[in-house]
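Each chain is listed here by its residues.
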Amino acid sequence: MTGAAGGVPGIRPITRNDLYPALRAYRAYVSHGLGTLEESTNELRDAVRSGDLDAARAAWLPAHLAYERLGAAYGTFGDFADKIDGRPAGLPKGVHDADFTGFHRVEYGLWHGESAESLRAPAGRLAADVKSLRDDFPREQIDPGDLGLRAHEILENTLQFELTGKADQGSGTMLATAAANVDGTRAVLRPLRPLLKDRMDLAEIDTWLGRTAQLLRTRHRHGAWTPLDRLSTAERERMNGTVGELVERLSSVATIAAVRTRPSTP
């Protein structure tokens, strides 16, 4: 039999040195974003301190989304991740555990009738932890080989926690968080593009990023986000299917951007 041979062509390996420019660009993005995060978290803290819980609820989402847009996945911020954005699952006393801190602790209090007095300490600790993260970040070590994994993990976490509602502590803003996670994924992908463009089809990933972002935007109406539990079963299935397809396609980024010493074999 004659004809073209089948199989997958080898992919030129990406080295650690290749990835350093992408890592520098990502670090610059995060450094700038941490400044925005600190400012917005201070606004949240100050609203709680003033006793204006309506203002605090209004300030909570912008501050939380500033964090989510940083692409905090795959160990980006070490121990700070749990301090700033940890969930109560697994803690002995759940939402009442002393180790339940950060955005979701403040969220729980704001949407479950806690007083401003009871929330001053959690909001103050959140602001302090964000400041510590910003101060510490220049010394944080990030493995350049983790960037591709991060591009995949961000939205995989979204499927696991946001689109199941597991992360929701009362604000009903899971779809807003998912949209911010799409932004974070794009931010991680951006500096990797020069390395990926000749090694894979980025157009398909961009198509699914656009579809996912557009689908999420349809749930932002009149300045408010639709709570996850108000979606119909069909709408939930479509949302999960779209994000799931994007996550599947992003898995190839994690594979191709992994540091290898020789081309992959057919």
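Bear in mind that the values here come from a model prediction, so they are computed numbers and not experimental data.

Peer 1: Honestly, the overall build of the chain in this entry has me stumped. Any pointers?
Peer 2: Within the chain, the secondary structure is distributed over 9 helices and 2 strands. In sequence order, the secondary structure elements of the chain are arranged as α-α-α-α-α-α-α-α-β-β-α. Its C-alpha radius of gyration of 20 Å places the chain within 12% of the 18 Å reference for a compact globule of 266 residues. Principal-axis analysis of the C-alpha atoms places the extent of the chain at approximately 80 × 45 × 35 Å.

Peer 1: Looking at this structure, how should I read the nonpolar core?
Peer 2: One recurring pattern in soluble globular proteins is that nonpolar side chains are buried together. Residues Leu 44, Phe 103 and Val 253 are the most contacted members of the largest nonpolar core, which totals 70 residues. A total of 11 residues in this core trace back to one element, the largest contributor, which is helix H7 (residues 174–196). Setting aside residues no more than four positions away along its own chain, Val 253 makes contact with Gly 148, Ala 151, Leu 189, Leu 192, Leu 196, Met 200 and Ile 205.

Peer 1: Where do I start with the environment of Asp 143 in this structure?
Peer 2: Position of Asp 143 among the secondary structure elements: in the loop between helix H5 (116–136) and helix H6 (147–162). Exposure remark for Asp 143: the relative accessible area of 31% places this residue in the partly exposed category. For Asp 143 and Leu 23, which are 120 residues apart along the polypeptide, the C-alpha to C-alpha distance reads 8.4 Å. At 3.3 Å, the side chain of Asp 143 and the side chain of Arg 16 are in polar contact.

Peer 1: Sorry if this is basic, but what is going on with the environment of Arg 24 here?
Peer 2: Within the secondary structure, Arg 24 sits in helix H1 (residues 16–50). Of the residues examined, Arg 24 reaches a relative accessible area of 55% and is grouped as exposed. The sequence separation of Arg 24 and Gly 113 amounts to 89 residues, and the corresponding C-alpha distance is 43 Å.

Peer 1: Before we go on, may I ask you to explain the packing of aromatic side chains in this structure?
Peer 2: Each aromatic ring pair is summarised here by two numbers: the centre-to-centre distance and the angle between the ring planes. Counted according to the given criterion, the structure contains 5 aromatic pairs. Centroid distance Trp 60 to Trp 111: 5.7 Å. Interplanar angle 75°. Geometry classified as edge-to-face. Of this pair, Trp 60 sits in helix H2 (residues 53–68) while Trp 111 sits in the loop between helix H4 (103–110) and H5; the two residues are 51 residues apart in sequence, bridging distant segments of the chain. Using a relative accessible area of 29% as the deciding quantity, one classes Trp 111 as partly exposed. Seen in terms of ring centroids, Phe 77 and Phe 137 are 6.2 Å apart; in terms of plane orientation they differ by 80°. Their pairing is edge-to-face. Linking Phe 77 in the loop between H2 and helix H3 (80–85) with Phe 137 in the loop between H5 and H6, this pair joins segments that are 60 residues apart in sequence. With respect to class, Phe 77 is no different from Phe 137; both count as buried.

Peer 1: Which parts of the structure should I look at to understand the pattern of salt bridges?
Peer 2: Pairing is possible between side chains of opposite charge, provided their charged atoms come close. This structure, assessed with the given rule, holds 14 salt bridges. With a closest N to O distance of 3.1 Å, Glu 114 and Arg 105 form a salt bridge. Judged by its relative accessible area of 13%, Arg 105 falls in the buried class. The salt bridge involving Asp 135 is made with Lys 131; its shortest N-O contact spans 2.8 Å. Placement of both Asp 135 and Lys 131 in helix H5 is noted, with a separation of 4 residues, approximately one turn of the helix. One connected set of salt bridges, linked through shared partners, spans Glu 204, Glu 245 and Arg 249.

Reading guide: rules and limits
Residues numbered from 1 in each chain as written. Predicted model: local features only at pLDDT ≥ 70, side-chain atom pairs only at ≥ 80, totals over all residues. Heavy atoms only, no water. Helix = DSSP H or I, 4+ residues; strand = E, 2+ residues; numbered from the N terminus. Rg over C-alpha atoms; globule rule 2.2 N^0.38 Å. Core = buried A, V, L, I, M, F, W, Y, C linked by side-chain atoms within 4.5 Å. Buried < 20%, exposed > 50% of the residue type's maximum accessible area, 1.4 Å probe, protein only. Contact = heavy atoms within 4.5 Å. Polar contact = N/O pair within 3.5 Å; in protein donor to acceptor, adjacent residues only side chain to side chain. Phe/Tyr/Trp six-rings, centres within 6.5 Å; stacked < 30°, edge-to-face > 60°. Salt bridge = Lys/Arg side-chain N within 4 Å of Asp/Glu carboxyl O.

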